[in-house]
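Chain by chain, the residues:
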Amino acid sequence: MEEEEKAGPPNKDLYALLHISPEASDEEIRKAYRQWAQVYHPDKYQSPQMKDIATENFQRICEAYEILTDENRRQIYDIYGMEGLTSGLELGPKLNKADEIKEELERLRKRKEQEKTSAHFRPSGTILANMSLPHFLKGVGIMRGMAMTSEVQSQISKSNTVGIGGNLAVTGNAGGGAASAVFRHQFSSVSSVEFMASAGLRSLIGMQASRHLTLHSTATMGISMSLKDGSLNLSNAWTRQLSETTNGNIQLILGPESSVAVGWQKKEEKRSVAGEVKFSTSSFGASAHYTHRFSSKSHGRIAGKVGSTMLELELGGGRKLSKFSTVRMLYSIGIQGIFWKFELHRGGQKLIIPILISRHLNPVFAAGAFLFPTSAYFLLKKFIVKPYYQRREKQKALENMQKTSAQVREARTAAEKAQQLLQNVANRKRNRQSEIGGLVITKAIYGNQKALKKMDELSPNDESSLSVIDVTLPLNFLVNDSGQLKLHNGVKKSGIMGFCDPCPGEPKQLYVEYTYGDKTFEVVVDDYEELLIPRPSQQV
């Protein structure tokens, strides 16, 4: 849950604190600061307790003002939030543009990450176990063959990486393997060179150089020589970013098996599409796949291959079991037969098990081979998988609540203190709006999305009530003199004065019930969504 929170937009709490838009001008920032300073200035209060509360919140207002009125610090904050301001990153005096600052921050961040991961091993590998149901029914064993590949990379310095790997394949009574080594040197952020050597089934030596030609284009050139027959292979590849979500590539190989391939990939939040057309001296082929992400945990996939030696259609889907683990089930039908394929991805490791169901493309059998695992999946999902995940999510939510309970109690206390200072002004605004038939917030609850859906069932002793906070008072305070309330788009609401985050890491919403004129309305908005009430259609 915390990962999903981090993956969202930047919090931009300082904008919420001053109740301004992330695009606010310097004049708007100064105006907002003056308004809040009038509310929270310690000299306005006589009571020592109220003076302490005012001092604490006045310091927050001053800090927000100082950061947002400093052009460089504001640009850093907009890109990386408070982390960018407190991480010790230093920028040169000539960096004035947002792009320059972002580039420098990215460079320094990458350098820190490289230093952190330096000398750490990064293993990856694949185990492929080919099985055959027809062979098993004939009593000659279910295994048709097996292949394994493994590689370990180690960053031995800031610019040098070493990789050692190998592969082994066995089919029937025949088999073979190879061992390989790679040395990669990064000359700069835009260019690198790679030296490789392989011994065994395919003995060769070679090198490959890559360079970013422009911000959106990369070129790679390579040469390799076979140690068995002395033949040479020359390769060229060009990759270009066609749009924010789309890349295109062209690859040319000259040698004993020359080929040219053209491909493209488009990756968006919910879906990804890729396609490739390849021509070689002995064959041609085309492939494409489409993947749709139904949620953060599950996805569906359809893929196809067609060419001089292949014709295949693949359907299936997968589910994320944890942060590092994903399982997939695929159904494949083509000229080579009908297959089920099971995949388990764990970090950089893969286990792939293709099972040959039949060599014959009988329509009835093909339909049954598709429907049986599909039906089994939905039954397992409904009666076993879904209940299991519901129990696990509930347990995680309880653990998260216990882990953050001290933090939430502190935040609630701070929010209650801030509301104390807003109370008099909020009540005056509410009474005035009530007299003229204007905007009056009668109820406002902010917090856990699921808890808000069953808000009417909540009781003060219910655990779910701890994951929401009443924000009726601060919203009445924010109603302007024209009788309108606006919460800006892209700004997390927990940063607003009098608000807090009652459930860190959980998806949150804001529920508002209000009267305007003689009518009652209600609205629900997401954490970063704009709120503007009354709506234009509701105004007379």
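In case you missed it, the structure is sitting above this.
The rules we used
- Residues numbered from 1 in each chain as written.
- Predicted model: local features only at pLDDT ≥ 70, side-chain atom pairs only at ≥ 80, totals over all residues.
- Heavy atoms only, no water.
- Helix = DSSP H or I, 4+ residues; strand = E, 2+ residues; numbered from the N terminus.
- Contact = heavy atoms within 4.5 Å.
- Pairing = 2+ DSSP bridges.
- Axes fitted to C-alpha atoms, helices over the stretch in contact; angles between N-to-C directions.
- Core = buried A, V, L, I, M, F, W, Y, C linked by side-chain atoms within 4.5 Å.
- Buried < 20%, exposed > 50% of the residue type's maximum accessible area, 1.4 Å probe, protein only.
- Domains from an automatic or database assignment.
- Polar contact = N/O pair within 3.5 Å; in protein donor to acceptor, adjacent residues only side chain to side chain.
- Parallel < 35°, antiparallel > 145°, perpendicular 65-115°, else oblique.
- Phe/Tyr/Trp six-rings, centres within 6.5 Å; stacked < 30°, edge-to-face > 60°.
- Lys NZ or Arg CZ within 6 Å of the ring centre and 35° of its normal.
- Patch = residues over 30% accessible without salt bridge, like charges linked within 9 Å, V, L, I, M, F, W, Y side chains within 5 Å.
- Areas by Shrake-Rupley, 256 points an atom, 1.4 Å probe, with all protein chains shown as cover.
- Salt bridge = Lys/Arg side-chain N within 4 Å of Asp/Glu carboxyl O.
- Lys, Arg positive; Asp, Glu negative; His and termini not counted.
- Charge placed at Lys NZ, Arg CZ, Asp CG, Glu CD.
- Expected span 1.5 Å × (residues − 1).
- Bend = angle between axes of the 7 residues up to and from the residue.
- Disulfide = S-S within 2.5 Å.

## Describing the overall build of the protein
- Within the protein one finds 11 helices and 23 strands.
- Counting contacts in the protein only where the partners sit at least 6 residues apart, residues at least 24 apart contribute 43% of the total.

## Side note on the environment of Phe339
- Along the chain, the position of Phe339 falls in strand β16 (residues 337-346).
- Between the alpha carbons of Phe339 and Arg359 there is a distance of 9.0 Å; along the sequence they are 20 residues apart.

## Some words on the sheet that holds strand β22 (residues 519-526)
- Read across the open sheet, the 4 strands follow the order β19-β18-β21-β22; overall the sheet is antiparallel. Each edge of the open sheet is held by one strand with a lone partner, namely β19 (468-470) and β22. The average angle at which neighbouring strand axes cross in this sheet is 15°, direction not considered.
- Pairing analysis gives 3 bridges linking strand β18 (residues 439-448) to β19, with the strands arranged antiparallel. Bridged to Tyr446 within β19 is Ile469.

## Quick word on the nonpolar core
- Tyr40, Ile441, Leu475, Leu485, Leu510 and Val512 are the most contacted members of the largest nonpolar core, which has 55 residues in total.
- Ranked by residue count, the leading element in this core is helix α4 (residues 48-68), at 8 residues.
- Counting contributing residues, this core receives three or more from each of domain 1 (12-90) and domain 3 (406-533).
- If sequence neighbours within four positions are ignored, Leu485 has contacts with Leu439, Ile441, Leu475, Leu478, Val479, Leu531, Leu532 and Ile533.

## Topic: the side chain of Ser358
- As for its placement among the helices and strands, Ser358 is situated in strand β17 (residues 349-358).
- Among the polar contacts made by the side chain of Ser358, one reaches the main-chain amide nitrogen of His360 at a distance of 3.0 Å.
- Non-local contacts of Ser358, meaning those with residues more than four positions away in its chain, are made with Pro134, Gly337, Ile338 and Phe365.

## So, the packing of α4 against helix α5 (residues 71-86)
- Packing of α4 against α5 brings their axes to within 10 Å, and their N-to-C directions diverge by 130°. Relative to α5, the element α4 is oriented oblique. Along its contact with α4, which presents Glu63, Glu66, Ile67 and Leu68, the element α5 presents Arg73, Arg74, Tyr77, Met82 and Leu85.

## Here's the deal with the packing of aromatic side chains
- Across all of its chains, the model carries 10 aromatic pairs by this definition.
- Among the aromatic residues, those joined into a cluster by ring pairs are Trp36, Tyr40 and Phe477.
- When the ring centre of Phe477 is taken as reference, the NZ or CZ atom of Lys429 above it lies at 5.0 Å.

## Considering a positive patch on the surface
- On the surface, Lys267, Arg293, Lys320 and Lys323 cluster together into a positively charged patch.
- Its place among the elements puts Lys267 in strand β10 (residues 259-267).
- Take Lys267: its relative accessible area is 65%, and that puts it in the exposed class.

## Thoughts on helix α8 (residues 363-403)
- Between its first and last C-alpha atoms α8 spans 56 Å; for 41 residues at 1.5 Å apiece the expected length is 60 Å, and the two agree.
- At Lys381, α8 shows its maximal bend, which comes to roughly 50°.
- Restricting attention to buried positions, one finds in α8 the residues Ala366, Ala369, Pro373, Tyr389 and Asn400.
- Where α8 begins, the capping side chain belongs to Asn362, and its oxygen is found 2.9 Å from the backbone nitrogen of Val364.

## Digging into the state of the cysteines
- Inspection of the entire model under this criterion finds 0 disulfides.
- No disulfide involves Cys500; its sulfur sits 9.1 Å from the nearest other cysteine sulfur, which is in Cys503.
- Assessed through its relative accessible area of 5%, Cys500 is described here as buried.

## A few points about the pairing of strand β2 (residues 143-155)
- Bridge analysis of β2 against strand β3 (residues 160-171) gives 11 bridges, and the strand direction is antiparallel. When the bridges of β3 are listed, Gly145 appears paired with Thr171.
- Once β2 ends, the chain turns through 4 residues before running back antiparallel as β3.

## Details of the pairing of strand β5 (residues 191-200)
- Note that strand β4 (residues 174-186) and β5 share 9 bridges and pair antiparallel. Note that in β5 the partner of Ala179 across the bridge is Ala199.
- In textbook terms, the turn of a hairpin is the stretch between consecutive antiparallel strands, and for β4 and β5 this stretch comprises 4 residues.
- Pairing of β5 with strand β6 (residues 204-212) involves 8 bridges; the strand directions are antiparallel. Looking at β6, one finds that Phe195 is bridged to Met207.
- Between the end of β5 and the start of β6, which pair antiparallel, lie 3 residues.

## With respect to the pattern of salt bridges
- Under the criterion given, the structure shown has 12 salt bridges.
- Ionic pairing is found between Glu530 and Lys486, a salt bridge with its closest N-O pair at 3.9 Å. Taken together, the residues span a long stretch of sequence, with Glu530 in the loop between β22 and β23 (531-533) and Lys486 in strand β20 (residues 485-487) at a distance of 44 residues.
- Lys508 is paired through a salt bridge with Asp501; the nearest N and O atoms lie 3.3 Å apart. Asp501 carries the same exposure label as Lys508, and that label is buried.
- Here the salt bridges do not stand alone but share partners, grouping Glu27, Arg30 and Arg34 into one network.

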